[in-house]
Amino acid sequence: MNYYPQMDSRSSGAAGAEYGFSSRMRGVQSSLIRDLLKFAQRPGIISLAGGLPSPVTFDVEGLRSAAEEVLAREPARALQYGLTDGQPALKHQLARLTTSRGAAPAEEDIVVTTGSQQGIDLMARLFIDPGDVVVVERPAYLAALQTFALAQASVRCIGSDANGARVEEIDAVLDAAAAAGETVKLIYVVANFANPSGATLTRERRLRLLRTAVARKVFVLEDDPYGELRSFGTSVVPVIALCPEVPGSAHWCGYLSTLSKIVAPGLRLGWVVLPPAVREQAVICKQGMDLHSSTLTQEVAAKYLASGRLEARLPSIQAAYRERNEALAAALTRHLGQRIVFNRPEGGMFLWARLNEGFDASDVLRHAMEEGMIFVPGSAFYSDAPDRSTLRLSFATAAPAELDVAVQRLSRALDRSAHRTIDSNPEADGKALKRRRS
Ligand SMILES: Cc1ncc(COP(=O)(O)O)c(C=O)c1O
């Protein structure tokens, strides 16, 4: 029985406006990446679109034995309701994992979240009233922009370059907001191999970020899903690990991470390290969101992390992404030459690129889909005037040989995109956009 014959969101009847959806839903778009994921399921498509971890990194055997052990030995705990802030065994392991990255949280500083995405949502709910300002880097993680839009935040951007977010621009944003009578509540940064830019924030900029946070009393949330996935160079400790060097900053800094990219996104487990007053509010907020994250996956993850298998596998996971990182860069040079400029990320999953010759990446995407490959046009990652010549290419999901084929397809798509509508200079692009609108 179909309860809703011929009724979809576009049909007449009790659709759209008649429901009186909340104002926060107004103007919030479906994520282009989530929409592209559906297309990526089609046979023969090579996706450089999503940040989906390569299945070769999944430790199926290790997770299976952890799950079996949990269900055999502790079924009553793993299948029962749990604590909102997380299962103690998992918090213990997550504190250990975070400590291995250079920060040293106590177990009670941690709140387990349903993916790090819920951590971003929690922070938005805790801090943002409609119209409050959130500072992000340009370009920024799309799903964070979506979350801030749902919170009805006013998003302000600072620039970014090869050394990550230009944190020295934050003061000007704060001053402008104060002059306009606005309150800046949150600074959101992805400091390691940012999504989408691939850039890594230097230690000096991390320290400056903390100094700004304390001086201006604005909370900094570092989102760190990719820090363990370093392919080249030396690691920089998380922003929160530098708090001892900036007196008072520990109260203005939170650290968010996830098991999605190093274990498996299907677990839907992330965690956030927060100062006590913020943590208390976060727990109350999470109670109302989902009571707690899945006890079953938390117990399985705790057992898995305790087994030591992750540490043993990390070098091979890093090697797999290093190989793909290099393969994509080599394919771009080989097949696209002067038609593209791109960064060389030191790790993570994404390569950020700009098309020369005035190509519009959204236009190229249409042809690329016909050729059998997809990527994400960079414009999806801007909350202000986008640079439409940019694109994000993920090297995480496809194997090295597939990456090469995908870039050949991209090259053919460029051949077919005769339509060169934009000036690839971002400033000029902004002007071109204004011209087109007027
Ligand atoms: C910067 C960033 N933050 C958060 C997430 C969400 O990850 P999770 O699966 O933990 O919700 C992603 C996923 O791609 C990401 O790139």
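Residues numbered from 1 in each chain as written. Predicted model: local features only at pLDDT ≥ 70, side-chain atom pairs only at ≥ 80, totals over all residues. Heavy atoms only, no water.

## Considerations on the sheet that holds strand β7 (residues 184-189)
Strand order in the open sheet formed by 7 strands is β2-β10-β9-β8-β7-β3-β4, and the pairing between neighbours is mixed. A single partner strand is all that each edge strand has here, and the edge strands are β2 (110-113) and β4 (154-158). Looking at each pair of strands side by side, their axes are set apart by 20° on average, direction ignored. Taken together, the 4 bridges between strand β8 (residues 219-223) and strand β9 (residues 253-258) define a ladder with parallel strand orientation. (Pairing = 2+ DSSP bridges. Helix = DSSP H or I, 4+ residues; strand = E, 2+ residues; numbered from the N terminus. Axes fitted to C-alpha atoms, helices over the stretch in contact; angles between N-to-C directions.)

## Some points on the state of the cysteines
Enumeration according to the criterion identifies 0 disulfides in this entry. Summary of cysteine pairing: Cys-243 is not part of a disulfide, and the nearest cysteine sulfur, belonging to Cys-253, is at 4.2 Å. Cys-243 sits in the buried class, given a relative accessible area of 7%. (Disulfide = S-S within 2.5 Å. Buried < 20%, exposed > 50% of the residue type's maximum accessible area, 1.4 Å probe, protein only.)

## Let's talk about the packing of helix α4 (residues 88-100) against helix α10 (residues 295-306)
α10 packs onto α4 with a crossing angle of 45° between their chain directions and a minimal axis gap of 8 Å. Between α4 and α10, the angle is such that the two are oblique. In this structure, α4 meets α10 at a crossing whose hand is left-handed. Listed contacts from α10 to Ala-89, Leu-90, Gln-93, Leu-94 and Arg-96 of α4 are Gln-298, Glu-299, Ala-301, Ala-302, Leu-305 and Ala-306. (Parallel < 35°, antiparallel > 145°, perpendicular 65-115°, else oblique. Left-handed = near helix turned anticlockwise from the far one by under 90°. Contact = heavy atoms within 4.5 Å.)

## Observations regarding the domain arrangement of the chain
Under the domain assignment, the chain is made up of domain 1 (29-51 + 312-422) and domain 2 (71-307). Here the C-alpha centre of domain 2 lies 26 Å away from the C-alpha centre of domain 1. Residue-level contacts link 29 residues of domain 1 with 23 residues of domain 2. At the boundary of domain 1 with domain 2, total buried surface from both sides reaches about 2,300 Å², with 58% on carbon and sulfur atoms. Contact with domain 2 buries area across many residues of domain 1, yet Glu-346, Phe-350 and Phe-381 alone supply 25% of it, more than any other trio. Counting across the interface, domain 1 meets domain 2 through 2 salt bridges. A salt bridge links Arg-230 to Glu-346; the shortest N-O distance between them is 2.7 Å. (Domains from an automatic or database assignment. Buried area = accessible area lost by both parts, 1.4 Å probe. Salt bridge = Lys/Arg side-chain N within 4 Å of Asp/Glu carboxyl O.)

## What to know about the environment of Lys-261
Tracing the chain through its elements places Lys-261 in the loop between β9 and β10 (270-273). On the accessibility criterion, Lys-261 (15% relative accessible area) is buried. In this structure, Lys-261 is in contact with Gly-51, Pro-53, Pro-225, Tyr-226, Leu-229 and Met-349, ignoring residues within four places of it in sequence. Within the structure, the side chain of Lys-261 is placed 2.9 Å from the backbone oxygen of Gly-51, a separation counted as a polar contact. (Polar contact = N/O pair within 3.5 Å; in protein donor to acceptor, adjacent residues only side chain to side chain.)

## Observations regarding helix α5 (residues 115-127)
Taking 1.5 Å as the rise per residue, α5 with 13 residues should run 18 Å; its terminal C-alpha atoms sit 19 Å apart, in good agreement. Regarding α5, the residues found buried are Gly-115, Ser-116, Gln-118, Gly-119, Ile-120, Leu-122, Met-123, Ala-124 and Phe-127. (Expected span 1.5 Å × (residues − 1).)

## A word on the site of the ligand
Around the ligand lies a shell of 14 residues, among which Ser-116, Asp-223, Tyr-226, Thr-258 and Ser-260 are the nearest. The backbone of Gln-117 places a nitrogen or oxygen atom 3.0 Å from an oxygen atom of the ligand. When the free accessible area of the ligand is taken as 400 Å², the share hidden by the protein chains comes to 92%. It is α5 that provides the largest number of residues to the shell around the ligand, a total of 3 residues. When its residues are assigned to classes, the shell around the ligand shows 5 nonpolar, 6 polar and 3 charged. (Near = heavy atom within 4 Å. Areas by Shrake-Rupley, 256 points an atom, 1.4 Å probe, with all protein chains shown as cover. Nonpolar A, V, L, I, M, F, W, Y, C, P; charged D, E, K, R; others polar.)

## Quick word on a nonpolar patch on the surface
Together, Tyr-19, Phe-21, Met-25 and Leu-150 give the surface a local cluster of nonpolar side chains, amounting to about 420 Å² of exposed area. Inspection of the secondary structure assignment puts Phe-21 in the segment before α1 (32-40). (Patch = residues over 30% accessible without salt bridge, like charges linked within 9 Å, V, L, I, M, F, W, Y side chains within 5 Å.)

## Remarks on the environment of Arg-208
Within the fold, Arg-208 resides in helix α8 (residues 203-216). Taking C-alpha positions, Arg-208 is 7.6 Å from Glu-168, a pair spaced 40 residues apart along the chain.

## Quick notes on the pattern of salt bridges
Following the criterion strictly, the structure yields 33 salt bridges and no others. Across the salt bridge formed by Arg-313 and Asp-59, the nearest N and O atoms sit 3.8 Å from each other. Of this pair, Arg-313 sits in helix α11 (residues 309-336) while Asp-59 sits in the loop between β1 (46-47) and α2 (60-73); the two residues are 254 residues apart in sequence, bridging distant segments of the chain. A residue is classified by how much of its surface remains accessible, and Asp-59, at 4% relative accessible area, is buried. Between Arg-96 and Glu-311 there is a salt bridge, and its shortest N-O distance comes to 3.4 Å. Of the two residues, Arg-96 sits in helix α4 while Glu-311 sits in helix α11, which places them 215 residues apart along the sequence. Ionic contacts of the salt-bridge type, sharing partners, join the residues Asp-161, Arg-166, Glu-168, Glu-169 and Arg-205 into one network.

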